[in-house]
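Listed below, chain by chain, are the residues.
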Amino acid sequence: MIELTEGGVCAAKGFSAGSVHCGIRKSPLKDDLALIVSDTVCQAAAVYTTNKVKAAPLHVTKAHLADGTARAVIANSGNANACAPNGEENAHREAKAAADALGIPEDEIVVASTGVIGVELPIECIEAHAAKIRPAASADGSAAAAKAIMTTDTEPKSCAVSFSAGGKTCHLGGICKGSGMIHPNMGTMLCFLTTDCAITHEVLDAALKSVVKKTFNRVTVDGDTSTNDMCVVLANGAAENNVITSADGPDYEAFCTALLTVCVALAKKIAGDGEGATRLLTCTVTGASDEEKAENLAKSICGSSLVKAAMFGADANWGRVLCAMGYSGAEFDPETVEILFSSSKGDISVCKNGRGLLFSEELAKEILSEDSVEITAKLSEGDASVSCWGCDLTYDYVKINGDYRT
């Protein structure tokens, strides 16, 4: 049984987190360097951006995780260390600064950065303050770390659950950041997950890849896939359950359900906090012949600028939904499609068999004016159903990104 709990990345036994202001960001009121550390070495797995242009920290982290283990994460905001002078050298120096502060080998450090692309990382700031971050880390430090990795996010993002494996109570939690430059596969998101469940690297890796495909790879804010995104999970085994060694069986299923629950919650938080957004969009396609088709159609709806703009205006312009489905590349019969809009204010069918229905514009506007709105497209081919998440497109998105660097 999965139960929501508190603590974020510190919900699992043996993990602590914290943050400091090191000076990358001008305001001393905003911490810009975060640390997550386990009492012991962890099994580790990660998924990275599919962008051909990858930031230096990703290359360093990949090398450090080659043996499937890690113990700590250091992450800075305010500078992406992507396409920047001395990128990999500075990523190594950031990892070494954390390693020296913790008294552990450099290759046990995951290093991550987020912020402006193309500007050299002021590594001296990090080196000068890394020693201060370890004393700041505690079992209550998840919230501080979540705030420190924010860029254009308007709120920190975290989630944690407890579950049972091998008769032991285990915990899994995470923090993430992401608001703009978000598009499958992944986006400008950093996600750090921790668990005290005992599980092998190979099985952990399989679980993470499976869950990321169904969560973070189904989020879109603006159609841009970042250079920096990564999702990392650390498992220290402190729950002392029998080690999960196979990608099947009840313990593995329980772990995957816990991981899916946390990642769905975090993915929705990213989508709902899209740059300038006023509402979360959930785009669901049901009745498809297979999951791949349903996902392609749902992503196309969720990523349509015209659909997103209509949702900003609370305009039940369902034709834009059907249009987005039509250019998705998926084969389907438009003559069988039904489209519904729904929210806490109710639901309304606006299209059936590919043709418009008479409906109350007043009710539709009331439904679409809520903070969370669902667009459902029903096919009649099979049983496959997929949801993707996004947000509306507002004037503020352009304002935020028009002078992001300056």
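Since this is a predicted model, take the numbers as computed values, not measurements.

S.K.: So, the side chain of S38: which residues are in play, and what are the values?
M.R.: On the secondary structure map, S38 appears in strand 3 (residues 33-48). You can call S38 buried: its relative accessible area is 1%. Only 2.7 Å separates the side chain of S38 from the backbone oxygen of T40, close enough to count as a polar contact. Discounting residues that sit within four places of it in the chain, S38 has contacts with G14, F15, R71 and N236.

S.K.: Explain the sheet that holds strand 15 (residues 384-391) to me, using residue names and the numbers behind them.
M.R.: Pairing in this open sheet of six strands is mixed, and the strands run 13-12-11-14-10-15 from one edge to the other. Of all strands in the sheet, those bounded by a partner on one side alone are strand 13 (355-356) and strand 15. Both strand 10 (residues 280-288) and strand 14 (residues 372-378) contribute to a ladder of seven bridges, which runs parallel. Counted as the bridge partner of T284 is T376 from strand 14. Across the sheet, helix 6 (residues 250-272) is in contact with strand 10 and strand 15; its angle to strand 15 comes to roughly 40°.

S.K.: Help me get a handle on the packing of aromatic side chains, residues and values and all.
M.R.: A complete count under the given rule lists two aromatic pairs for this structure. Judged by centre distance (6.2 Å) and plane angle (70°), the ring pair of F163 and F255 falls under edge-to-face. Of the two residues, F163 sits in strand 6 (residues 157-165) while F255 sits in helix 6, which places them 92 residues apart along the sequence. Overall, F163 belongs to the buried group, its relative accessible area being 3%. Ring centres of F312 and Y395 lie 5.2 Å apart, and the angle between their planes is 90°; on these two criteria the pair is classed as edge-to-face. Taken together, the residues span a long stretch of sequence, with F312 in helix 8 (residues 305-312) and Y395 in helix 11 (residues 395-402) at a distance of 83 residues. Looking at F312, the relative accessible area reads 27%, which means it is partly exposed.

S.K.: Tell me what's going on with the pattern of salt bridges, and back it up with residues and numbers.
M.R.: All told, the structure shown has 16 salt bridges when counted by the stated rule. Among the ionic contacts, a cluster of salt bridges with common partners joins K213, R218, E291, E295 and K299.

S.K.: Describe the state of the cysteines, and please don't skip the residues or the numbers.
M.R.: Evaluation of the coordinates by the stated rule reveals zero disulfides. Here C283 stays unpaired: no disulfide links it, and the sulfur of C302, its closest cysteine neighbor, is 3.5 Å away. By relative accessible area, C283 is classed as buried at 1%. C302 supplies the cysteine sulfur nearest to C391, a cysteine that is in no disulfide, at a spacing of 8.1 Å. Residue class for C391 comes out buried when judged on its relative accessible area of 1%.

S.K.: Help me get a handle on the environment of A160, residues and values and all.
M.R.: In this structure, A160 sits in strand 6. Classification of A160 as buried rests on a relative accessible area of 2%. For A160 and G174, which are 14 residues apart along the polypeptide, the C-alpha to C-alpha distance reads 6.3 Å. The contacts of A160, once residues within four sequence positions are left out, are E3, L4, T5, E6, G8, A11, L172, G173 and V262.

S.K.: Can you lay out the environment of G319 for me, pointing to particular residues and giving the numbers?
M.R.: Looking at the secondary structure, you find G319 in helix 9 (residues 318-326). Distance from G319 to L358, taken between C-alpha atoms, is 14 Å for residues 39 residues apart in sequence.

S.K.: Describe in detail the environment of G274, supporting the description with residues and values.
M.R.: Positionally, G274 belongs in the loop between helix 6 and strand 10. Since its relative accessible area comes to 5%, G274 is described here as buried. Taking the C-alpha atoms as reference points, G274 and G237, separated by 37 residues in sequence, lie 35 Å from one another.

S.K.: Tell me what's going on with helix 7 (residues 291-303), and back it up with residues and numbers.
M.R.: An α-helix turns once every 3.6 residues. As a result, residues three or four positions apart point the same way. Taking 1.5 Å as the rise per residue, helix 7 with 13 residues should run 18 Å; its terminal C-alpha atoms sit 18 Å apart, in good agreement. Buried within helix 7 we find K293, A294, E295, L297, A298, S300, I301 and C302. Looking at the packing, one finds that the buried side of helix 7 touches helix 5 (201-214), strand 10, helix 8, helix 9, strand 14 and strand 15. In this structure D290 caps helix 7, since a side-chain oxygen of it lies 3.2 Å from the backbone nitrogen of E292.

Reading guide: rules and limits
- Residues numbered from 1 in each chain as written.
- Predicted model: local features only at pLDDT ≥ 70, side-chain atom pairs only at ≥ 80, totals over all residues.
- Heavy atoms only, no water.
- Helix = DSSP H or I, 4+ residues; strand = E, 2+ residues; numbered from the N terminus.
- Buried < 20%, exposed > 50% of the residue type's maximum accessible area, 1.4 Å probe, protein only.
- Polar contact = N/O pair within 3.5 Å; in protein donor to acceptor, adjacent residues only side chain to side chain.
- Contact = heavy atoms within 4.5 Å.
- Pairing = 2+ DSSP bridges.
- Axes fitted to C-alpha atoms, helices over the stretch in contact; angles between N-to-C directions.
- Phe/Tyr/Trp six-rings, centres within 6.5 Å; stacked < 30°, edge-to-face > 60°.
- Salt bridge = Lys/Arg side-chain N within 4 Å of Asp/Glu carboxyl O.
- Disulfide = S-S within 2.5 Å.
- Expected span 1.5 Å × (residues − 1).

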